[in-house]
Every structure is written in C-alpha cells, then in structure tokens.
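Topology and contacts: notes
Each chain, written out:
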Amino acid sequence: MGRGKASCVLLNFVMETTWELTDTTLVIRCPYCVVGNESRPMTAYKDGRFICRDCAHTVRPGVPEYKCTCRPCLRVATQIYPLLSNFSSKFR
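Summarised in this report is the structure supplied together with it. (Residues numbered from 1 in each chain as written. Predicted model: local features only at pLDDT ≥ 70, side-chain atom pairs only at ≥ 80, totals over all residues. Heavy atoms only, no water.)

A closer look at the pairing of strand 1 (residues 29–35)
In the sheet, strand 1 pairs with strand 2 (residues 38–41) via 3 bridges, with the strands oriented antiparallel. What sits directly across from V34, in strand 2, is S39. The loop that links strand 1 with its antiparallel partner strand 2 comprises 2 residues; one of these, G36, has a positive phi angle of about 70 degrees. (Pairing = 2+ DSSP bridges. Helix = DSSP H or I, 4+ residues; strand = E, 2+ residues; numbered from the N terminus.)

Next up, the structure:
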C-alpha cells in the first residue's frame, strides 16, 4: 500500500433488543384438592384473595395473620390444637 488516503469500511451493526411487557400470573394451588398429579389452582380475586372452587380454602398472600375457616382447615385445627395443648402441658 502506498501513501495516500486510507479507506475505512465501517460496518454499522445495529443491535435491537425488543422488550415485551408481559403480565406475570401468580398461581396459588389448594393444598387439599388434587386434580391428576397436582393441586388444583385457586381462583384469584381483585381484593387479593385466592379461593378454591371445590373446598372454599382461602389464602391472602402478604397477610400472615389471616386464618382460613374452610372445613379442611378447621378439621386440621381441631386435630392439632389438642396435640399442642397436651405437648405444652408436659413442659409447664
């Protein structure tokens, strides 16, 4: 190459990143109702509740003090509370 004007070839690559906003769906499943091999998805309501259509089990994500009063939860509570009271009385 001689002395003269050097020619540069500039390749302009434009990288485009496409961002798509998608809704993330929170799926909460009922611990008492099973369909096939997995638990039944619960129905979401605008007030933040999730309710099982079969047993009426209710969950409020983000509200730890919420206690469900569906039949399966009450059944479990009546089975556990006597055990807890017996357990705690042994250590008094």
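Okay, back to it.
Let's talk about the environment of R71
By the element assignment, R71 lies in helix 1 (residues 71–90). Put simply, R71 and H57 are 14 residues apart on the chain and 7.9 Å apart in space, counted from C-alpha to C-alpha.

Digging into the nonpolar core
By size, the foremost hydrophobic cluster in this structure holds 7 residues: I28, C30, C33, M42, F50, C52 and C55. Once you skip the residues sitting within four places of it in the chain, I28 turns out to touch R40, P41, M42, F50, V59 and P61. (Core = buried A, V, L, I, M, F, W, Y, C linked by side-chain atoms within 4.5 Å. Buried < 20%, exposed > 50% of the residue type's maximum accessible area, 1.4 Å probe, protein only. Contact = heavy atoms within 4.5 Å.)

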